[in-house]
Structure formats: C-alpha cells, structure tokens
Amino acid sequence: MPGHDVALWILTALLMAAGLAGAVLPVLPGAALVLAGAVLGAWIDGFERVGGWTLGVLVALAILSWVLDYVAALLGAKKVGASRLALIGAAVGTVAGLMFGIVGVFVLPFIGAALGEYIARRDHQAAARVGLATGLGLLLALVAKVVIAFMMIGLFVAALIF
C-alpha cells in the first residue's frame, strides 16, 4: 500500500472519529463527517467493496440523523400535547441553541418550549411538563444519533471486510 493510500485511510478514520464526536457535540456535523469518511474510503478502494448500495444506505442514515437534530425537541413537546406556542418556542430554542454549544442545544429548546407553553396557558405545571418532554426528546435523539453513527461505521467496515 503506497504512503498516499495510508494517509487517505488515516484521514478516513479521522473523519469517522470526528463524526462520532459530532453525534454528541453540536459544533460538528456528526453523520456528515462519518459519511464523508465512508465516501473517501470507498473512493480509495475504487468503490469495489463499498459500492452504490452501501453508500445509498449510509446517505439515508445520515439524512435520518440530520432530521433528528431538527425535530427531536418538537416531537417531545408535541407528545405531551404542547400548544402551538410551545412548539414554536422549542423550534426557536433549537436554532438559538446551536449558537451556544452543547449546553445551548440542550437547554434552550427546553426553555423555549416551557416559555411558549406558559405564555399560551399560564400554567406552570404544563410548562414544566412540556419543557421536560422536550428535553427528553433531545436526549433520545442524541442516543439515536450515536447509534446511527455506529451503524454507519459498522456498515462501512462490514462492506470492506465481507
């Protein structure tokens, strides 16, 4: 294996490792980095072992992971019967949270949903329930994104080996 290929395989592994970190850290696009590593690895191998079908599944998983980033807070809030204002608050909190790192990603959707629910119903308990459901939705999405990232890497490795 020429030195050039070794460097590219190292880059592939680094992209995938960064993708795993990105499944947890909002600053890094986790699934996109794992996908980039897989595409690079497939290209290095001439798309012989990791072909179009495998890459198609990886793209679908990456899209699913990306969608989870944007809808998790909304689904959590909606599950407990949140008002329209709570859903808007969760959405605004999610977008605003992306600017404040990992703490913002978890705290601002919760605050946005709770605040929206409180404005809509003037009920502290309902606001707290909606806020907690939003936080739970985000936590479940985080776990799902980590699982998806590992699935993507596992599928890539399996395609390379078998």
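Residues numbered from 1 in each chain as written. Predicted model: local features only at pLDDT ≥ 70, side-chain atom pairs only at ≥ 80, totals over all residues. Heavy atoms only, no water.

1. Things to note about the overall build of the chain
In terms of regular secondary structure, the chain is built from six helices and zero strands. Scanning the chain from its N terminus toward the C terminus, one meets helices and strands in the order α-α-α-α-α-α. By its C-alpha atoms, the chain is 65 × 25 × 15 Å across when sized along the principal axes. Taken over 162 residues, the chain has a buried fraction of 41%. Of all intrachain contacts in the chain linking residues separated by at least 6 positions in sequence, the fraction that spans at least 24 positions is 65%. As presented, the chain carries roughly 8800 Å² of accessible surface, and 77% of it is formed by carbon and sulfur atoms. For the chain, the separation between the mean place of its 8 positive charges and that of its 6 negative charges on side chains is 19 Å. (Helix = DSSP H or I, 4+ residues; strand = E, 2+ residues; numbered from the N terminus. Buried < 20%, exposed > 50% of the residue type's maximum accessible area, 1.4 Å probe, protein only. Contact = heavy atoms within 4.5 Å. Areas by Shrake-Rupley, 256 points an atom, 1.4 Å probe, with all protein chains shown as cover. Lys, Arg positive; Asp, Glu negative; His and termini not counted. Charge placed at Lys NZ, Arg CZ, Asp CG, Glu CD.)

2. Quick word on helix 2 (residues 30-44)
Counted at 1.5 Å a residue, the expected span for helix 2 with its 15 residues is 21 Å, and the 21 Å between its end C-alpha atoms agrees. Here helix 2 lies mainly inside the structure; 11 of its 15 residues are buried. Of all the positions in helix 2, only Gly-30, Ala-31, Leu-33, Val-34, Leu-35, Gly-37, Ala-38, Leu-40, Gly-41, Ala-42 and Ile-44 are classed as buried. Just downstream of helix 2, Gly-46 is the residue with a positive phi angle, here 70°. (Expected span 1.5 Å × (residues − 1).)

3. Considering the environment of Gly-101
Locating Gly-101 in the fold gives a position in helix 5 (residues 101-121). For Gly-101, a relative accessible area of 18% puts it in the buried group. Spatially, the C-alpha atom of Gly-101 lies 6.5 Å from that of Val-27, the residues being 74 residues apart in sequence.

4. Some thoughts on unusual backbone geometry
Backbone geometry at Phe-47 places phi at a positive 60°, although glycine is not the residue there. For Arg-122, which is not glycine, the phi torsion reads 55° and is therefore positive. You can see Arg-122 is positioned in the loop between helix 5 and helix 6 (124-161).

5. A word on the nonpolar core
Side chains of nonpolar character tend, in soluble globular proteins, to be buried together. Met-16, Val-34, Val-50, Leu-58, Met-152 and Phe-156 are the most contacted members of the largest nonpolar core, which totals 23 residues. If you list the elements that add at least two residues to this core, you get helix 2, helix 3 (52-79) and helix 6. Of the residues forming this core, the biggest block, nine residues, is contributed by helix 6. Met-152 has contacts with Ala-31, Val-34, Leu-35, Leu-58, Leu-61 and Ala-62, leaving out every residue within four places of it along the chain. Core analysis: the next-biggest nonpolar cluster, separate from the first, contains six residues, Ala-77, Ala-86, Ala-90 and Ala-113 among them. (Core = buried A, V, L, I, M, F, W, Y, C linked by side-chain atoms within 4.5 Å.)

6. Topic: the confidence of the model for the chain
Summary statistics for the chain give a mean pLDDT of 87 and a share of 98% for residues scoring 70 or more. Taking the mean pLDDT of every element in the chain, the minimum, 82, falls on helix 4 (residues 84-97) and the maximum, 96, on helix 2. (pLDDT = per-residue confidence, 0-100.)

7. Regarding the packing of helix 5 against helix 6
Contact pair helix 5 / helix 6: the axes reach a minimum separation of 8 Å and the direction vectors enclose 150°. Considering their axes alone, helix 5 and helix 6 lie roughly antiparallel with respect to each other. Here helix 5 and helix 6 pass one another in a crossing that is right-handed. When helix 5 is examined against helix 6, the residues Val-105, Phe-106, Pro-109, Phe-110, Ala-113, Ala-114, Glu-117 and Tyr-118 are found in contact with a partner set consisting of His-124, Ala-126, Ala-127, Val-130, Gly-131, Leu-132, Thr-134, Leu-138 and Leu-142. For the contact of helix 5 with helix 6, a count of residues per class yields 13 nonpolar, three polar and one charged. (Axes fitted to C-alpha atoms, helices over the stretch in contact; angles between N-to-C directions. Parallel < 35°, antiparallel > 145°, perpendicular 65-115°, else oblique. Left-handed = near helix turned anticlockwise from the far one by under 90°. Nonpolar A, V, L, I, M, F, W, Y, C, P; charged D, E, K, R; others polar.)

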